[in-house]
Amino acid sequence: MNRTATILLTALAPVSWGTTYAVTTELLPADRPLFTGMMRALPAGLVLLALARVLPRGVWWGKAAVLGALNIGAFFPLLFLSAYRLPGGMAAVVGSVGPLIVVGLSAVLLGQRPTTRSVLTGLVAAFGVSLVVLKAAGALDIVGVTAAFASTTSMSAGTVLTKRWGRPDGVGPLALTAWQLTAGGLLIAPLALLVEGAPPALDGRAVGGYLYLALANTAIAYWLWFRGIGRLTATQVTFLGPLSPLTAAVVGWAALGQTLTPLQLAGMTLAFGATVAGQLGVRQPTVSRTFGPAGGKGTPEALRGVPRAL
């Protein structure tokens, strides 16, 4: 499969995630962020684990737990916490700095030097998202801002570590996704029970919403996301992130009757342009030998034929 097709398939993940807000507010029980995070992660992980029929071995038990905590277990609760406490789209604005965090972490963990192009593109993407989702509201909640930044940092670190470690020999992205979703879901489950109590009663709408979140929004979307990490650079993948708040804005306009102002449309153009620019002009990556193999003997599987960061 060529690089363009890989980018387009990977982009379906953040596009799917952009529908999460509408599904959560219209179909799911209110004020249950931890339960919702668990219902997104654990059923999806168990389904994929049954399909993959592969368990981690050796050091990959620990690596899967770390990646599951960063990409799922910590990311989901922190993301929902920030969404509940911050005004308007501030959580999305904080989240849009993810490409800049990945650029910095890639320099440290992958030996990929940041370029002026990647930094400027990240700044433009964040500015464009801010025009789309940021609304004036009172004083910012420091807990919400901290949670938003922590969630973005957690997902960014998980993306870069997924790229660095690759996959064990003979293990595909389906199994790697299953390990992380299951580990993350198991991490959230006791926290949800402790903080939120027993699960809420679910009607047909809620069941449908959770099925959508677990299957399309999580199992399929995260499989595409981790598959993309294995074939693209960490920077390329994370520059697809702004598609999530842009999709949320479009869904709000098309399905929820929300309006889009000329300023928001200008922001969407900027953010989408930065997303496209983040996929262009890449070269073959150079990984420091001090990092060692990411996924077994010889050249790390996840780095074979992968373009260099911007």
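Quick summary incoming for the structure in this document.

Parameters at a glance
Residues numbered from 1 in each chain as written. Predicted model: local features only at pLDDT ≥ 70, side-chain atom pairs only at ≥ 80, totals over all residues. Heavy atoms only, no water. Helix = DSSP H or I, 4+ residues; strand = E, 2+ residues; numbered from the N terminus. Buried < 20%, exposed > 50% of the residue type's maximum accessible area, 1.4 Å probe, protein only. Contact = heavy atoms within 4.5 Å. Areas by Shrake-Rupley, 256 points an atom, 1.4 Å probe, with all protein chains shown as cover. Salt bridge = Lys/Arg side-chain N within 4 Å of Asp/Glu carboxyl O. Axes fitted to C-alpha atoms, helices over the stretch in contact; angles between N-to-C directions. Parallel < 35°, antiparallel > 145°, perpendicular 65-115°, else oblique. Left-handed = near helix turned anticlockwise from the far one by under 90°. Nonpolar A, V, L, I, M, F, W, Y, C, P; charged D, E, K, R; others polar. Phe/Tyr/Trp six-rings, centres within 6.5 Å; stacked < 30°, edge-to-face > 60°. Lys NZ or Arg CZ within 6 Å of the ring centre and 35° of its normal. Expected span 1.5 Å × (residues − 1). Arc of directions from axis to C-beta.

**Points about the overall build of the chain**
Thinking step 1. Within the chain, the regular secondary structure consists of 14 helices and zero strands.
Thinking step 2. The order of helices and strands in the chain, counted from the N terminus, is α-α-α-α-α-α-α-α-α-α-α-α-α-α.
Thinking step 3. Expressed as a percentage of the 310 residues in the chain, the buried residues total 52%.
Thinking step 4. When contacts within the chain are restricted to residue pairs at least 6 apart in sequence, long-range pairs at least 24 apart make up 88% of them.
Thinking step 5. By element, 69% of the accessible surface of the chain is carried by carbon and sulfur atoms, the whole surface being about 13700 Å².

**Side note on the side chain of Thr218**
Thinking step 1. Mapped onto the secondary structure, Thr218 falls in helix H11 (residues 204–231).
Thinking step 2. The contacts of Thr218, once residues within four sequence positions are left out, are Arg40, Ala41, Ala44, Leu181, Leu213 and Trp223.

**With respect to the pattern of salt bridges**
Thinking step 1. In this structure the tally under the stated criterion is one salt bridge.
Thinking step 2. For the salt bridge of Glu196 with Arg32, the shortest nitrogen-to-oxygen distance reads 3.4 Å. Residue Glu196 is located in helix H10 (residues 173–196), and its partner Arg32 is located in the loop between helix H2 (20–27) and helix H3 (33–52); the two are separated by 164 residues in the primary sequence. Comparing Glu196 with Arg32, the two get one shared label, buried.

**Thoughts on the packing of H2 against H11**
Thinking step 1. Interhelical geometry of H2 versus H11 gives an angle of 160° and a closest axis separation of 9 Å. By the criterion of interaxial angle, the relationship of H2 to H11 is roughly antiparallel. In the crossing of H2 with H11, the sense of the turn from one axis to the other is left-handed. Contact residues: Thr20, Val23, Glu26 and Leu27 in H2; Arg205, Ala206, Gly209, Tyr212, Leu213 and Asn217 in H11.
Thinking step 2. The residue makeup of the contact of H2 with H11, split by class, is five nonpolar, three polar and two charged.

**Structural notes on the packing of aromatic side chains**
Thinking step 1. Applying the stated criterion to the full structure yields seven aromatic pairs.
Thinking step 2. Between Phe76 and Tyr222, the ring centres sit 6.1 Å apart and the planes meet at 65°, which makes this aromatic pair edge-to-face. Linking Phe76 in helix H5 (residues 75–85) with Tyr222 in helix H11, this pair joins segments that are 146 residues apart in sequence. For the residue pair Phe76 and Tyr222, the accessibility class agrees, reading buried in each case.
Thinking step 3. Members of the aromatic cluster, connected to one another through ring pairs, are Trp17, Phe75, Phe76, Tyr222, Trp225 and Phe226.
Thinking step 4. The lysine or arginine in question, Arg32, covers the ring of Phe35, its NZ or CZ lying 6.0 Å from the ring centre.

**Here's the deal with helix H14 (residues 262–277)**
An α-helical turn contains 3.6 residues, so a residue and the one three or four places further along point in the same direction.
Thinking step 1. The end-to-end C-alpha distance of H14, which contains 16 residues, comes to 22 Å, matching closely the 22 Å that a straight helix rising 1.5 Å per residue would cover.
Thinking step 2. All of the buried residues in H14 are Gln264, Gly267, Met268, Ala271, Ala274 and Thr275. All buried residues of H14 project into a common sector of 130° when viewed along the axis, lining one side. Opposite its buried face, H14 presents the exposed residues Pro262 and Thr269, each directed more than 90 degrees away.

**Considering helix H13 (residues 243–255)**
Thinking step 1. Between its first and last C-alpha, H13 extends 17 Å over 13 residues, near the 18 Å set by a 1.5 Å rise per residue.
Thinking step 2. Along H13, the residues that are buried comprise Leu243, Ser244, Pro245, Leu246, Thr247, Ala249 and Gly252.
Thinking step 3. Gly257 lies just past H13 and shows a positive phi near 75°.

Don't take any of this as a statement about function, it's just geometry.
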